[in-house]
Amino acid sequence: MQLYCESVTEYKRLKTREVKIGNLLLGNGHPIRVQTMTTTDTMDTMATVEQTIRCIEAGAELVRITAPSKKEAENLQNIKDELHRRGYTTPLVADIHFTPNAAEIAARIVEKVRVNPGNYVDKKKFEQIEYTDAEYQEEIERITERFTPLVLICKENGTAMRIGTNHGSLSDRIMSRYGDTAMGMVESAMEFLRIARAVDYHQIILSMKSSNPQVMVQAYRLLVNKMMEEFGECYPLHLGVTEAGDGEDGRVKSAAGIGTLLEDGIGDTIRVSLTEDPEFEIPVCMDLVKRYQLASGEKEVARSTAVVANIPAIEKLPYSPFEYKHRESFEVSNIGAKHVPVVIADLSKMETITPSSLQSIGYTYDEATDKWNISDGAADYIFTGKAPLDFALPGTLKVITWPNHWEEASDQSKYFPIYDASGFVEATTKSDTLNFVMVDCFSDDSAINDFTHLDELANNPTVVLCLSSTHKHSMPAVRRMFMELMNRNIKNPVVLITDSSWHTPDEHLIHYATETGALFLDGFGDGICLGMTQESYKEQVSSIKNASGRNYTNNTTVEQFINSTAFTILQATRTRISKTEYISCPSCGRTLFDLQETTAKIRARTHHLKGVKIAIMGCIVNGPGEMADADFGYVGSGVGKITLYKGKEVVKRNVDSNIAVDELIDLLKENEAWVEPLV
Ligand code: SF4
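Only a predicted model underlies this, so the values are computations on that prediction, with no experimental measurement involved.

Criteria and cut-off values
Residues numbered from 1 in each chain as written. Predicted model: local features only at pLDDT ≥ 70, side-chain atom pairs only at ≥ 80, totals over all residues. Heavy atoms only, no water. Pairing = 2+ DSSP bridges. Helix = DSSP H or I, 4+ residues; strand = E, 2+ residues; numbered from the N terminus. Axes fitted to C-alpha atoms, helices over the stretch in contact; angles between N-to-C directions. Contact = heavy atoms within 4.5 Å. Buried < 20%, exposed > 50% of the residue type's maximum accessible area, 1.4 Å probe, protein only. Phe/Tyr/Trp six-rings, centres within 6.5 Å; stacked < 30°, edge-to-face > 60°. Right-handed = clockwise from strand over helix to strand, strands pointing away. Patch = residues over 30% accessible without salt bridge, like charges linked within 9 Å, V, L, I, M, F, W, Y side chains within 5 Å. Areas by Shrake-Rupley, 256 points an atom, 1.4 Å probe, with all protein chains shown as cover. Salt bridge = Lys/Arg side-chain N within 4 Å of Asp/Glu carboxyl O. Lys, Arg positive; Asp, Glu negative; His and termini not counted. Charge placed at Lys NZ, Arg CZ, Asp CG, Glu CD. Parallel < 35°, antiparallel > 145°, perpendicular 65-115°, else oblique. Left-handed = near helix turned anticlockwise from the far one by under 90°. Nonpolar A, V, L, I, M, F, W, Y, C, P; charged D, E, K, R; others polar.

J.: Lay out the sheet that holds strand E16 (residues 415–420) in plain terms, naming residues and giving numbers.
T.: Strand order in the closed barrel formed by eight strands is E11-E14-E15-E16-E17-E18-E19-E20, and the pairing between neighbours is parallel. Strand-to-strand twist across the sheet, computed as the mean angle between neighbouring axes with direction ignored, equals 25°. Judged from the three bridges that link them, E16 and strand E17 (residues 435–440) form a sheet pairing that is parallel. Opposite Tyr419, over in E17, you have Val437 as the bridge partner. This element, helix H13 (residues 474–487), spans E17, strand E18 (463–468) and strand E19 (494–500) of the sheet and lies at about 145° to E18. Sitting on the sheet, helix H16 (residues 558–572) touches strand E11 (342–346) and strand E20 (527–532), and the angle it makes with E20 is about 145°.

Take a look at the structure:
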């Protein structure tokens, strides 16, 4: 087994050391703690206190506050005193970048400090410098000299510490040896961890954040592996996806990254970074965490009503959990091989399906011209479960239905049947080109039969497998089936089918993103089909319409919500790009403009630019380093001033913020990244 968790087939929390943060115990099987970070100016004591209280009232168990320099670090004392005066003793965390002096002050005041090993001692210059072994060792000695005093202060004051590596801010030294890789992130943290262990300090939590969930998941797994190999034990892990953005995108990206690791029992505390007010992050954290905790505090995957069967254990993974590689499959129609994953919209719960029903899934019929407008987020297939439709379909759309209805269809180039595994094996009539076959993985004693049917379905050139599971730990059940396919050299393409029985739009989003995101991030899946149980569907008809803000309007239908979620999951896992990608920081006390308002303005002008990555970052100190692989950057560089980037290169410095969005659009045009929006 490539060791990175306790089990890939059974839910078990990864055993980690216990860390005490004020009165809060974290790691060693304690409940997964939820946290956030304030966005106010740290020098504004009252505003920071008020916002911290809102976060605590929402459920935050730790609140982080930025301390960019000595004066903010000192003001943490006033903030803490005022909170205590009002009866709030939730532990506070000082967020430090670049300023050891501020860290050393903060470590004597608050319960925990966070340092970024990429910039605690090093200044990021974006220079590709070659280091000899001797020079590298000298650098380590320089770090040891500068970092040890902070460790000793923490040790003396009982202060905890997070060594928080960010993918976007690795030091030049790490970049020169490991490049921009998950291994570079791990080594960056390990260097600091070794220094702390050398003076017998262990109140440490680690994080490996990236705005790319693929990199983030690999880095955490590698870190666990490396800690076990070198120390024979693990320190607790703080999970997060950086600069995830806002709304649906931010939630899905966070859930795909964080949820993938939680499914494997990894993670002792989480923060969901949204470009929204920090208290809005907490319900999302709670939705993620409650999937693994019953009310009693017993550690167990929730949704425990399903039939419990054992998922067969496995000795060796037939793929690497530390690097992304798409599982090899053959092509059936437009599914599998090199095709991007297809999206199947489940319309089976609609009473009647008319041309206007298809608007929810990206097809708008224009009666005047008798033409269909097809959006970038248009589903590829619909599942109706009904008789053939009585209208002509848009050119690219195909229909999946039960075999008896499929047989009624006059145009069999547009209609395809779906069977269960035994139904397909026994069927006398099948499509010559494309048959969908459902396999419910390890849901009951039929597990053995599932394997038996596999051999009968194996490598049939017309069969697309549709894997799902009603097992209470369903993602690992489906993943185990993928392992079986790989071990048996079965290369049929696979569609992931996930139903949700949760209640609120956010719970559904998190469920879908965790269950399917985890599989896509491991390279599994050639298609996605999301659905809801009948009860949830009925609930959502009103709840999505009433959900305030974000991407939902009063007219949002369940089908539209699900279709949009499917495309957002594919975008977040970088398996199919259908829209603009925004990498926006959550903002903090360093932020130099209204990030939420500016992000909304930029989104309104650029949301049609499929595949373009735009970073919107609050400050020039961390922004450029943190904006990862963005194509263009909009970064606050002074009060009322914005600096624009193309990749990591400054192209327009200190632009007046009143015209900065227009200047960004001009920059996109100059670089052929712009297309006129359709009206
Ligand atoms: S990039 Fe954003 S969140 Fe990060 S330090 Fe700057 S303003 Fe704060």
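From this point on, the discussion continues.
J.: Tell me what's going on with helix H9 (residues 281–289), and back it up with residues and numbers.
T.: Buried residues dominate H9, accounting for seven of its nine residues. Packed against the buried residues of H9 are strand E3 (33–37), helix H1 (45–58), helix H8 (247–263), strand E10 (269–270) and helix H14 (505–521).

J.: Can you lay out the packing of aromatic side chains for me, pointing to particular residues and giving the numbers?
T.: In this description, an aromatic ring pair is defined by two values, namely the gap between the centres and the angle between the planes. A full pass over the atoms with the stated rule returns 13 aromatic pairs. Ring geometry for Tyr4 versus Phe322: centroids 6.3 Å apart, planes at 75°, classification edge-to-face. Linking Tyr4 in the segment before strand E1 (19–21) with Phe322 in the loop between H9 and E11, this pair joins segments that are 318 residues apart in sequence. The buried category is assigned to Tyr4, whose relative accessible area is 0%. For the ring pair Tyr120 and Phe147, a centre distance of 5.8 Å and an interplane angle of 80° mean the geometry is edge-to-face. Residue Tyr120 is found in the loop between strand E6 (112–115) and helix H4 (133–157), and its partner Phe147 is found in helix H4; the two are separated by 27 residues along the sequence. With respect to class, Tyr120 is no different from Phe147; both count as buried. An aromatic cluster is defined as three or more aromatic residues linked by ring pairs; in this entry it consists of Tyr120, Phe147 and Phe192.

J.: Could you give an account of the pairing of E17, with specific residues and numbers?
T.: After leaving E16, the chain enters helix H11 (residues 421–426) and then returns to the sheet as E17, a path that is right-handed. Sheet analysis places E17 next to E18, joined by six bridges and oriented parallel. Paired with Asp440 across the bridge in E18 is Ser468.

J.: Quick rundown of the pairing of E6? Include the residues and the values.
T.: Burial of the side chains of E6 extends over both faces: Lys112 and Arg114 are buried on one face and Val113 and Val115 on the other. For strand E5 (residues 92–96) and E6, the ladder comprises four bridges, and the chain directions are parallel. Of the residues in E6, the one forming a bridge with Ile96 is Val115. In this fold, the crossover linking E5 to E6 by way of helix H3 (residues 100–106) has right-handed handedness. In this structure, E6 lies alongside strand E7 (residues 160–166), joined through four bridges in parallel fashion.

J.: Hey, could you go over the sheet that holds strand E22 (residues 613–617) for me, with residue numbers and the actual values?
T.: Taking strand neighbours across the sheet as the criterion, the five strands line up as E21-E22-E23-E24-E25 in an open arrangement whose pairing is mixed. Here the strands that pair on one side only, and so sit at the sheet edges, are strand E21 (581–584) and strand E25 (649–656). Strand-to-strand twist across the sheet, computed as the mean angle between neighbouring axes with direction ignored, equals 20°. Direction of pairing for strand E24 (residues 641–646) relative to E25: antiparallel, over a ladder of five bridges. In the strand pairing of E25, Lys646 is matched with Glu649. Across the sheet, helix H19 (residues 660–670) touches E22, strand E23 (632–638), E24 and E25, and the angle it forms with E25 is around 150°.

J.: Talk me through the environment of Leu519; I want residue IDs and the actual numbers.
T.: The residue Leu519 is located in helix H14 in this model. With 355 residues separating them along the chain, Leu519 and Gly164 place their C-alpha atoms 26 Å apart. In this structure, Leu519 is in contact with Met475, Val478, Arg479, Phe482, Leu496 and Phe524, ignoring residues within four places of it in sequence.

J.: Tell me what's going on with a negative patch on the surface, and back it up with residues and numbers.
T.: The grouping of Glu135, Glu138, Glu141 and Glu145 at the surface amounts to a negative patch. Relative to the helices and strands, Glu138 is located in helix H4.

J.: Could you give me a rundown of the environment of Pro624, with the residues and numbers involved?
T.: By secondary structure assignment, the location of Pro624 is in helix H18 (residues 623–626). We classify Pro624 as buried; its relative accessible area is 8%. For the pair Pro624 and Cys285, spaced 339 residues apart in the sequence, the C-alpha separation amounts to 27 Å.

J.: Run through the packing of H13 against H14, naming residues and quoting values.
T.: Geometrically, a packed helix pair is captured by the angle between its two axes and the distance between the axes. At a closest axis distance of 9 Å, the pairing of H13 and H14 adopts a crossing angle of 25°. The angle between H13 and H14 falls in the class roughly parallel. Crossing of H13 over H14 shows right-handed handedness. Packed against H13, whose contacting residues are Ser474, Met475, Val478, Arg479 and Phe482, the element H14 presents Thr514, Glu515, Ala518 and Leu519 at the interface. Residue composition of the contact of H13 with H14, grouped by class: five nonpolar, two polar and two charged.

J.: Help me get a handle on unusual backbone geometry, residues and values and all.
T.: Even without a glycine there, the phi angle at Asn28 is positive, about 55°. Mapped onto the elements, Asn28 comes out in the loop between strand E2 (24–26) and E3.

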